[in-house]
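Close look at the chain arrangement
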Amino acid sequence: MPEGTRLAFAFVDGNPDPASVRNDFHLVWKHLLAGGWAAFHHYAGDEPEVTTALNSLLTEYSAEIDRVERVKEQRVLLVRKRTPRTEWKKL
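A brief report on the enclosed structure follows. (Residues numbered from 1 in each chain as written. Predicted model: local features only at pLDDT ≥ 70, side-chain atom pairs only at ≥ 80, totals over all residues. Heavy atoms only, no water.)

Digging into the packing of helix H1 (residues 18-31) against helix H2 (residues 48-60)
Relative orientation of the contacting elements H1 and H2 amounts to 40°, with a least axis distance of 9 Å. On the basis of the axis angle, H1 is oblique to H2. Taken as a pair, H1 and H2 cross one another with a handedness that is right-handed. Where H1 approaches H2, its residues Pro18, Val21, Arg22, Phe25 and His26 are matched on the opposing element by Glu49, Val50, Ala53, Leu54, Ser56, Leu57 and Glu60. In terms of residue class, the contact of H1 with H2 is built from seven nonpolar, two polar and three charged. (Axes fitted to C-alpha atoms, helices over the stretch in contact; angles between N-to-C directions. Helix = DSSP H or I, 4+ residues; strand = E, 2+ residues; numbered from the N terminus. Parallel < 35°, antiparallel > 145°, perpendicular 65-115°, else oblique. Left-handed = near helix turned anticlockwise from the far one by under 90°. Contact = heavy atoms within 4.5 Å. Nonpolar A, V, L, I, M, F, W, Y, C, P; charged D, E, K, R; others polar.)

Focus on the pattern of salt bridges
As enumerated under the stated definition, the model contains four salt bridges in all. Taking the shortest distance from any N to any O, the salt bridge between Arg80 and Asp66 comes out at 3.1 Å. Of the two residues, Arg80 sits in strand E4 (residues 76-81) while Asp66 sits in strand E3 (residues 65-71), which places them 14 residues apart along the sequence. Overall, the relative accessible area of 27% leaves Arg80 in the partly exposed class. Of the charged contacts in the structure, one is a salt bridge between Arg67 and Glu69, with a shortest N-O distance of 2.7 Å. The partly exposed category is assigned to Arg67, whose relative accessible area is 42%. Relative accessible area serves as the criterion here: at 30%, Glu69 is assigned to the partly exposed category. (Salt bridge = Lys/Arg side-chain N within 4 Å of Asp/Glu carboxyl O. Buried < 20%, exposed > 50% of the residue type's maximum accessible area, 1.4 Å probe, protein only.)

Take a look at the structure:
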């Protein structure tokens, strides 16, 4: 992706190889806006290496993750990027 690209949402349905899963995650996460969502297909489905790699990334990036949801029927994992406190609006 070109430098400066910012994403509010990304859907990844890539190669199930663990190295590719990690690469896709890093690429999307780098460009994802705070508060944005990334969706990853084949989670908890028929390709367990995808689930294992994503679970590892969830742990690795836990400080940057605000929320995780699972759409079981579609085998999709949704991950929301945390908004830094400096961006919170004062009420």
